[in-house]
Amino acid sequence: MSHLTSNSTTENKASHYDVVVVGGGAAGIATSASLLNRQPDLNIVIIDPANCHYYQPGWTLVGAGVFKAKQTVKPMADVIPKKATWVKHAIKYFKPAQNRVILSNNQTINYEALVVAAGIKLDWAAIEGLPQALGRQGITSNYSFELAPYTWKLVTQLQSGQAIFTQPTLPIKCAGAPQKALYLSADHWLKHHRLNNIQLGFYNAGDTLFGVKEYVPALMQYIRKYSVNLFYKHNLTAVDANSKTAIFTLTDSEGSQKNIEKPFDLLHVCPPQLAPDFIRNSPLADENGWLSVHSDTLQHTQYHNIFGVGDVCSTPNAKTAAAARKQAPVVAENVIHCLNGNNPTVAYNGYGSCPLTVEKGKIVLAEFLYGGKVSPTLPSWLNEGTQPSRLAWHLKHRVLPAVYWHGMLKGREWLAKPLLTQRKL
Ligand SMILES: Cc1cc2nc3c(=O)[nH]c(=O)nc-3n(C[C@H](O)[C@H](O)[C@H](O)COP(=O)(O)OP(=O)(O)OC[C@H]3O[C@@H](n4cnc5c(N)ncnc54)[C@H](O)[C@@H]3O)c2cc1C
């Protein structure tokens, strides 16, 4: 791996690569590694300004005191594949007609093929008063590496009062994560005989507990077990840290809206999410701001040498690392075809997974394809289907972090062989 920093002598010269990868997160690193495993002499550059790479699925367990935050982070330099170049800058804008990207330092990079893996924007500022309130007055979020340890601190300290957990409008990454924080906190309070003194509220901007209906009955058992009050169509719009008040906008069945104020002792916020600004304002975006790709081949709908992978895509799958793990080999295979002047051949089927941590030691493992079709990976004799499972907890706690760091990020495509596309191209 070579690493070009702002001191590099090559800067400001236009450089040229076979493949430019935008973003060194879960999807960008996995795709780069899969590309290099297929064709080791490919000239690949990964462009990402971040110092660190995070295993975000671990943050739920940091917020529950099961992992330490340091188990979920590595220096970016340690995860960039050895044969790839890393340019530590942000992309400023795209010039797709010229096969070119422009970086924050105004450097130009030309490409034969472009892979966009820029993730999702966490829009903390969309909630009035929130950015300055995070990390104090009982206000936290497992959606941040810095704050997940504060969640655990608050959970262990709270003896009584009001605990509020929020979920914004979808799509968000890991749509189950706001509930996971709720269940694991409630489990701790139950086991420490405090739950009778803590009132739990789950305030959801949507109108369902989980998008795939087969998993809802098992989740509802836990809602009842922990005596959680469920509120739908309640969207968190402001936070007053001084008075410890959360302000929700409630939309009724006629569409009229009113504000509701709720006092809290602990507030776990899942921020609203949208496509990153430089994607939303680019010629690569669809009408909702996401990178506009075909849902099967992940090829851009307009530019044949551009592909998308991970949370940034317009595809209607669950935005998860599990989805990126299945998408990366598809994009790698199709990019190689594209570099050889051919059409894409393989397709992604919409697989996504959400390990719903309903208590410490048990998980309802939701796995599904496009259209919410349930699709378990484990054979039926091992798989507890839509019910809570100890084996699934073991998977999340012990197995999946290793699969992520040593499998997915190294381009080892375990249980992720791409399928041939059914579409005539
Ligand atoms: C609390 C929480 C719990 C989760 N739980 C699970 C789970 O249990 N299972 C699961 O499968 N998934 C889970 N996820 C979701 C999973 O982490 C994401 O879906 C996954 O990380 C998406 O990968 P990505 O590469 O698309 O985005 P990311 O991993 O976020 O990477 C995006 C990269 O793009 C870079 N970037 C941004 N802007 C630019 C720019 N202008 N130029 C260059 N680079 C840029 C960023 O620096 C970043 O490195 C969870 C997420 C959270 C937050």
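All of these numbers come straight from a predicted model, not from anything done at the bench. Numbers given for residues are sequential positions, taken from 1 along each chain in its written order. pLDDT decides what is reported in this predicted model: residues at 70 or higher carry local features, side-chain atom pairs at 80 or more are listed and counted, and totals for whole chains, interfaces and linings draw on all residues regardless. With hydrogens and water set aside, each side-chain value is computed from the structure's full complement of heavy atoms.

Draft legend 1. Layout of the domain arrangement of the protein. Note that the domain bounds were set by an automatic or database domain assignment. Assigned domains within the protein: domain 1 (2-120 + 275-349) and domain 2 (122-273). Using only C-alpha atoms to locate each centre, domain 1 and domain 2 end up separated by 31 Å. The contact criterion used is simple: two residues touch if any of their non-hydrogen atoms lie within 4.5 Å. Listed as interface residues are 17 residues of domain 1 and, on the opposing side, 16 residues of domain 2. Take the accessible area each of two parts loses on contact, using a 1.4 Å probe, and add the two losses: that sum is the buried area. Buried area between domain 1 and domain 2, both sides added, is near 1500 Å², and the carbon and sulfur share of it is 69%. When the buried area of domain 1 at its contact with domain 2 is split by residue, Trp 59, Thr 60 and Ile 120 rank highest and sum to 37% of it. Here, a salt bridge means any Lys or Arg side-chain nitrogen found within 4 Å of an Asp or Glu carboxyl oxygen. Summed over the shared surface of domain 1 and domain 2, the result is zero salt bridges. Here a polar contact is taken to be a pair of N or O atoms separated by no more than 3.5 Å, where protein atoms must pair a possible hydrogen donor with a possible acceptor and residues adjacent in sequence count only if both atoms sit in side chains. On inspection of domain 1 and its partner domain 2, the count reaches two residue pairs in polar contact (both at pLDDT 80 or more). A total of four residues in the side of domain 1 that touches domain 2 trace back to one element, the largest contributor, which is helix 2 (residues 59-62). When residue character is reported, Ala, Val, Leu, Ile, Met, Phe, Trp, Tyr, Cys and Pro are called nonpolar, Asp, Glu, Lys and Arg charged, and the others, Gly included, polar. Classifying every residue of the side of domain 1 that touches domain 2 by side-chain character gives nine nonpolar, six polar and two charged. Numbering goes from the N terminus for both helices and strands, where a helix is a DSSP run of H or I of at least four residues and a strand is a run of E of at least two.

Draft legend 2. Spotlight on the nonpolar core. Core analysis: the largest hydrophobic core is formed by 63 residues, its most contacted members being Val 20, Val 101 and Leu 114. Among the nonpolar cores identified, the runner-up in size contains 52 residues, and Ile 139, Val 155, Ile 198 and Tyr 215 belong to it. Definition of nonpolar core: a set of buried residues of the types Ala, Val, Leu, Ile, Met, Phe, Trp, Tyr and Cys, connected through side-chain atoms within 4.5 Å. The cut-offs for exposure are 20% and 50% of the maximum accessible area for each residue type, with area from a 1.4 Å probe on protein chains only; residues under the lower value are buried, those over the upper are exposed, and the others partly exposed.

Draft legend 3. Geometry of the pattern of salt bridges. As enumerated under the stated definition, the model contains seven salt bridges in all. With its nearest N and O atoms 2.7 Å apart, the salt bridge here joins Arg 38 to Glu 413. Of this pair, Arg 38 sits in helix 1 (residues 26-38) while Glu 413 is found in the loop between helix 9 (390-407) and strand 24 (419-420), placing the two residues 375 residues apart along the sequence. Taking relative accessible area as the criterion, Arg 38 reaches 29% and is therefore assigned partly exposed. Arg 280 is the partner of Asp 277 in a salt bridge, and the nearest nitrogen-oxygen pair spans 3.0 Å. Of this pair, Asp 277 and Arg 280 both sit in helix 7 (residues 277-280), three residues apart, which is roughly one turn of the helix.

Draft legend 4. Focus on the sheet that holds strand 13 (residues 198-204). Here the rule is simple: two strands pair whenever DSSP picks up at least two bridges between them. With respect to topology, five strands assemble into an open sheet ordered 11-18-12-13-14, the strand pairing being parallel. The strands lining the two open edges of the sheet, one partner per strand, are strand 11 (139-140) and strand 14 (228-231). As judged from the three bridges shared by strand 12 (residues 161-167) and strand 18 (residues 266-268), these two strands associate in the parallel manner. In the strand pairing of strand 18, Ala 163 is matched with Leu 266.

Draft legend 5. Spatial organisation of the UniProt feature "domain: FAD/NAD(P)-binding" (unreviewed entry) in the protein. UniProt's entry tags residues 17-141 with the feature "domain: FAD/NAD(P)-binding" (unreviewed entry), counted in the numbering of this structure. The annotated region residues 17-141 carries 17% helix and 33% strand content, and the separation between its end C-alpha atoms amounts to 39 Å. UniProt positions are given in the numbering used here, feature names are shortened, and annotations may be inferred rather than shown by experiment.

Draft legend 6. How the structure looks around helix 4 (residues 148-157). The complete set of buried residues in helix 4 reads Ala 148, Tyr 150, Thr 151, Leu 154 and Val 155. Seen end-on, helix 4 carries its buried residues on one side only, within an arc spanning 150°. Those residues of helix 4 that are buried lie in contact with helix 2, strand 11, helix 5 (177-191) and strand 18. To obtain the arc, one takes the directions from the helix axis to the C-beta atoms.

Draft legend 7. Focus on the packing of aromatic side chains. Stacked, edge-to-face and tilted labels apply to pairs of Phe, Tyr and Trp rings (six-membered ring for Trp) whose centres lie within 6.5 Å, assigned for plane angles under 30 degrees, over 60, and everything in between, in that order. A full pass over the atoms with the stated rule returns 15 aromatic pairs. A ring pair is formed by Tyr 55 and Tyr 404, whose centres lie 4.7 Å apart and whose planes are at 45°; its orientation type is tilted. One end of the pair, Tyr 55, is in the loop between strand 4 (52-54) and helix 2; the other, Tyr 404, is in helix 9, and 349 residues separate them in sequence. On the accessibility criterion, Tyr 404 (4% relative accessible area) is buried. Here the aromatic rings of Tyr 222 and Tyr 226 are separated by 5.9 Å at their centres, their planes lie at 45°, and the arrangement is tilted. The same class applies to Tyr 222 and to Tyr 226, which are both buried. One aromatic cluster in this structure is built from Tyr 54, Trp 59 and Phe 145. Counting as a charge over the ring demands two things of the Lys NZ or Arg CZ atom: a distance within 6 Å of the ring centre and an angle within 35 degrees of the ring normal. Positioned above the aromatic ring of Trp 290 is the side chain of Lys 319, whose terminal nitrogen or guanidinium carbon lies 4.2 Å from the ring centre. The ring centre of Tyr 351 lies 4.6 Å from the NZ or CZ of Lys 326, which sits over that ring.

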